[in-house]
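# Observations on chain architecture
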Amino acid sequence: MDGVKISKWPRLKNPWLIVVWPGMGDVAYKAAAYLVEKLKTEEFASIPPEEFFYLVGSVIHDGVLSIPELPCGKFYYWKNPAAKSIRRRGGSANHCGEYTKPAHDLIIFISNAQPDLAKAEEYSKRIIKVAKGFKVEMIVSFASMPQPIDHTQEPRVWAATTCLELKDNFKKQNLNILSSGQISGMNGLILGIAKRDGFKGFCLLGEIPFYTIQIENPRATLAVLRVLTKLLNIQIDFTGLSEQIHTIDTEINKLLDYLKIGVEGPDPIGEEEIEKIKKILSQLTKLPVSVKDKIEKLFEMVKTDTSKAAELKNELDRWNVYKEHEDRFLDLFRKKNKKEN
């Protein structure tokens, strides 16, 4: 298959394709990674990264510098035991002759970075080729949905669908339907391209607090996976995610307690304490690669077109990283003023 390396062609029954890339709260990526681990999936194909990614720096490990590997996009498959029993019976009726809900095998595509959005459509087409080759019935993505909620609050899961039939079906199952808005990045774009090619699909969005968009959010990941497994009628052990939730909650509570102590103490909390909190917070978090790339591109654009400065500032504020880029941001205008003088 052009543009896709396939090592084997598993025979799959009524397959659904799950596609994910990293994003806010790592909700999507962690959900797919958890499925890959718990379902004991097998890798069977990959998309060569050279056309879609490029090196942006070196990495240091144990004091030694080297060039990192390019991000990888891999396909895994899982054969649903329920679908296997249907294969043996040659139909979808149970032993009493009653109709049963179709069982679906799974293909999971997971990439550890989003490609350059200029090449995103071509990248998506490679995935769609695999979907067509395996006669995929449904394409599913995950995403996060920042909301004014507390980090200990149970997040809701929202669904965005490619057709009215799915929307109506989800409504009957009391799922929250996203009626308007946008799903940015590959986790949203892939479904639009899939719909154009005749596929049905939906995205499950887990709510995350505005103030933790840079922190891994296993609580939202768990909420999304609970909805998915219910739709697929499969069972997965969620103990690992529950443990991660406890760990993340503990770390966030430590930071909040530190802030409260500063506020309630004899002196109001100062700039130094605030920066210390931000530093601790940054050690727990990381920006998605796609966001870093976008910020870097905007910095380059502002060098020649200052009208893009507002867009850059908005992006830095959105991800709460303006402070760490402040000097670099202001230097763009200092250098411009020197040239004009």
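An account of the accompanying structure is given in this report. (Residues numbered from 1 in each chain as written. Predicted model: local features only at pLDDT ≥ 70, side-chain atom pairs only at ≥ 80, totals over all residues. Heavy atoms only, no water.)

## Re helix α5 (residues 186-196)
Here α5 has its buried residues at Met 186, Asn 187, Gly 188, Ile 190, Leu 191, Ile 193 and Ala 194. Residues of α5 that are buried make contact with β2 (16-20), α1 (27-38), α3 (120-133), β8 (138-147) and β11 (201-209). One or two residues past the end of α5 sits Gly 198, with phi positive at roughly 95°. (Buried < 20%, exposed > 50% of the residue type's maximum accessible area, 1.4 Å probe, protein only. Helix = DSSP H or I, 4+ residues; strand = E, 2+ residues; numbered from the N terminus. Contact = heavy atoms within 4.5 Å.)

## Comments concerning the packing of α3 against α5
Two numbers describe how α3 lies on α5: the axes approach to 10 Å, and their chain directions differ by 60°. On the basis of the axis angle, α3 is oblique to α5. At the point where α3 passes α5, the crossing takes the right-handed sense. Facing Ala 120, Glu 121, Tyr 123, Ser 124, Lys 125, Ile 127 and Ile 128 of α3, the residues of α5 in contact are Met 186, Leu 189, Ile 190, Ile 193, Ala 194 and Arg 196. By residue class, the composition of the contact of α3 with α5 is nine nonpolar, one polar and three charged. (Axes fitted to C-alpha atoms, helices over the stretch in contact; angles between N-to-C directions. Parallel < 35°, antiparallel > 145°, perpendicular 65-115°, else oblique. Left-handed = near helix turned anticlockwise from the far one by under 90°. Nonpolar A, V, L, I, M, F, W, Y, C, P; charged D, E, K, R; others polar.)

## Quick look at the pairing of β8
Burial analysis of β8 places 10 of its 10 residues in the buried class, the great majority of the element. Side chains of β8 alternate between two faces, with Met 138, Val 140, Phe 142, Ser 144 and Pro 146 and Ile 139, Ser 141, Ala 143, Met 145 and Gln 147 buried alike. Taken together, the four bridges between β2 and β8 define a ladder with parallel strand orientation. In the sheet register, Ile 18 faces β8, and the bridge partner there is Val 140. Alignment of β8 against β11, held across nine bridges, turns out to be parallel. Following the sheet pairing, Met 145 is matched in β11 by Glu 207. (Pairing = 2+ DSSP bridges.)

## Quick look at the sheet that holds strand β1 (residues 5-6)
What the nine strands build is an open sheet, ordered β1-β3-β6-β7-β2-β8-β11-β9-β10; its pairing is mixed. Edge positions in the sheet fall to β1 and β10 (176-177), since each of these pairs with one other strand and no more. The strands touched by helix α4 (residues 164-172) are β8, β9 (157-161), β10 and β11; relative to β9, the strand with the most contacts, the crossing angle is about 155°. Sheet strands in contact with α5 are β2, β8 and β11, and its direction is about 145° off that of β8.

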